[in-house]
Amino acid sequence: GESVGLHLPTLSVQEGDNSIINCAYSNSASDYFIWYKQESGKGPQFIIDIRSNMDKRQGQRVTVLLNKTVKHLSLQIAATQPGDSAVYFCAENILQGAQKLVFGQGTRLTINP
Amino acid sequence: DAGITQSPRHKVTETGTPVTLRCHQTENHRYMYWYRQDPGHGLRLIHYSYGVKDTDKGEVSDGYSVSRSKTEDFLLTLESATSSQTSVYFCAISRRGVDTGELFFGEGSRLTVL
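Thresholds, definitions, all that
Residues numbered from 1 in each chain as written. Chains lettered and ligands numbered in written order. Predicted model: local features only at pLDDT ≥ 70, side-chain atom pairs only at ≥ 80, totals over all residues. Heavy atoms only, no water. Helix = DSSP H or I, 4+ residues; strand = E, 2+ residues; numbered from the N terminus. Rg over C-alpha atoms; globule rule 2.2 N^0.38 Å. Buried < 20%, exposed > 50% of the residue type's maximum accessible area, 1.4 Å probe, protein only. Contact = heavy atoms within 4.5 Å. Areas by Shrake-Rupley, 256 points an atom, 1.4 Å probe, with all protein chains shown as cover. Lys, Arg positive; Asp, Glu negative; His and termini not counted. Charge placed at Lys NZ, Arg CZ, Asp CG, Glu CD. Buried area = accessible area lost by both parts, 1.4 Å probe. Salt bridge = Lys/Arg side-chain N within 4 Å of Asp/Glu carboxyl O. Polar contact = N/O pair within 3.5 Å; in protein donor to acceptor, adjacent residues only side chain to side chain. Nonpolar A, V, L, I, M, F, W, Y, C, P; charged D, E, K, R; others polar. Pairing = 2+ DSSP bridges. Axes fitted to C-alpha atoms, helices over the stretch in contact; angles between N-to-C directions.

Draft legend 1. Layout of the overall build of chain A. Of the regular secondary structure elements, chain A holds 0 helices and 10 strands. Walking chain A from its N terminus toward its C terminus, one meets helices and strands in the order β-β-β-β-β-β-β-β-β-β. Here the C-alpha atoms of chain A give a radius of gyration of 14 Å, agreeing with the 13 Å that 2.2 N^0.38 yields for 113 residues. The buried share of chain A, taken over its 113 residues, is 41%. Put simply, 52% of the contacts in chain A that link residues at least 6 apart link residues at least 24 apart. Only carbon and sulfur atoms are counted for the fraction: they give 47% of the accessible area of chain A, which is about 5,900 Å². Distance between charge centres in chain A, computed from 10 positive and 9 negative side chains, equals 4 Å.

Draft legend 2. Region of the structure containing the interface of chain B and chain A. Counting residues at the interface gives 28 residues for chain B and 26 residues for chain A. Across the interface of chain B and chain A, roughly 2,200 Å² is buried in total on both sides, 50% from carbon and sulfur atoms. Sorting the residues of chain B by area buried against chain A places Gly40, Leu43 and Gly101 of chain B first, and these three jointly supply 22% of that buried surface. Between chain B and chain A we count 0 salt bridges in total. Connecting chain B to chain A are 3 residue pairs in polar contact (both at pLDDT 80 or more). Counting residues per element, the ones that place at least two in the side of chain B that touches chain A are β4 (32-38) and β5 (42-51) of chain B. Split by residue class, the side of chain B that touches chain A holds 11 nonpolar, 10 polar and 7 charged.

Draft legend 3. Examining the pairing of strand β8 (residues 86-93) of chain A more closely. Residue and element names in this part refer to chain A. Across the 8 residues of β8, 8 count as buried, placing the element largely inside the fold. Both faces of β8 are covered, namely the face carrying Ala86, Tyr88, Cys90 and Glu92 and the face carrying Val87, Phe89, Ala91 and Asn93. Across 7 bridges, strand β3 (residues 32-38) lies against β8 in antiparallel orientation. Looking at β8, one finds that Phe33 is bridged to Glu92. Direction of pairing for β8 relative to strand β10 (residues 107-112): antiparallel, over a ladder of 3 bridges. Paired with Tyr88 across the bridge in β10 is Thr107. In this sheet, strand β9 (residues 101-103) lies alongside β8 in antiparallel orientation, the contact comprising 3 bridges. Paired with Asn93 across the strands is Leu101, a residue of β9.

Draft legend 4. Geometry of the sheet that holds strand β7 (residues 72-77) of chain A. Residues and elements named next belong to chain A. With antiparallel pairing, 4 strands are arranged side by side in an open sheet as β2-β7-β6-β5. A strand with exactly one partner marks an edge of an open sheet, and here the two such strands are β2 (19-24) and β5 (56-58). In this sheet, adjacent strand axes meet at a mean angle of 15 degrees when their direction is disregarded. Taken together, the 6 bridges between β2 and β7 define a ladder with antiparallel strand orientation. When the bridges of β7 are listed, Ile20 appears paired with Gln76.

Draft legend 5. Up close: the sheet that holds strand β7 (residues 65-70) of chain B. All names here are of chain B. Strand order in the open sheet formed by 4 strands is β1-β3-β8-β7, and the pairing between neighbours is antiparallel. For this open sheet the edge positions go to β1 (4-7) and β7, each flanked by a neighbour on one side alone. Adjacent strand axes in the sheet meet at a mean angle of 20 degrees, parallel and antiparallel pairs treated alike. The pairing of strand β3 (residues 19-25) with strand β8 (residues 73-78) spans 6 bridges and is classified as antiparallel. Looking across to β8, one finds that Val19 is bridged to Leu78.

Okay, structure coming up:
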C-alpha cells in the first residue's frame, strides 16, 4: 500500500565539504545507472550516468562509483555549495534497448553554512 | 525545460471524474514518458511511448491510459479518478536516445482527487 508520510533519508553537510550519497539497486541485469537532482517544485534534472561496464565516471564536481558486486551506487559531490541543496535520486535502467528507469526513494541533501 | 510543457500544472477534481494531462514537446523526439511521484515511492513509470500510436505499460499503469496521435503530444488519461491517484505527474522525453539514462523532465502537474 501507500507509504504516505515516510521521510526521505537526509544528509547534512557543511558548505565546502564533500558529500557522498549512497544508493542500493536491485536488478543485476541493469545496464545503466543514473543520478538525478530535484530542486523544490521542479522536475528531476540529469546529473551523470554510468554504464554497467564501468566502475567510475567523473563529471564537473561530481563522481559516480559503481560496485556491481554488492549492487551499490554512490554520488560524490566535491566542495558542496548551497546550490547543491536538493533531493538526489539514483535510477537504474532495467530494460536494455529502451529507457525503463526504476528510481530510488531519494536522499535530501542539506547544506549548512 | 523549455522544450517540454505540461498542462494543466495544477488540477483539483472529484473522485469518479475523468482527467487528462497533456505533455507537449517541441523537439520531435521519439520517446516520451509519464511518471508519478509520491512520498516514499520516488518516481514510478506509468506508461511510455516509442512513437506515434506506439505505447507500452510501466510499473503502475492500472487506472491510466495514454495516447500519442502525433509526435509532439503524449496524453495521460485517468478514466475515473480515485484518491490514490493524487500525485505529482511528470512527463519526460529522451533527447539523446535510449542508450543513455538521460531523460529531460517537465515541470510537473499536481493532481488532487477529492
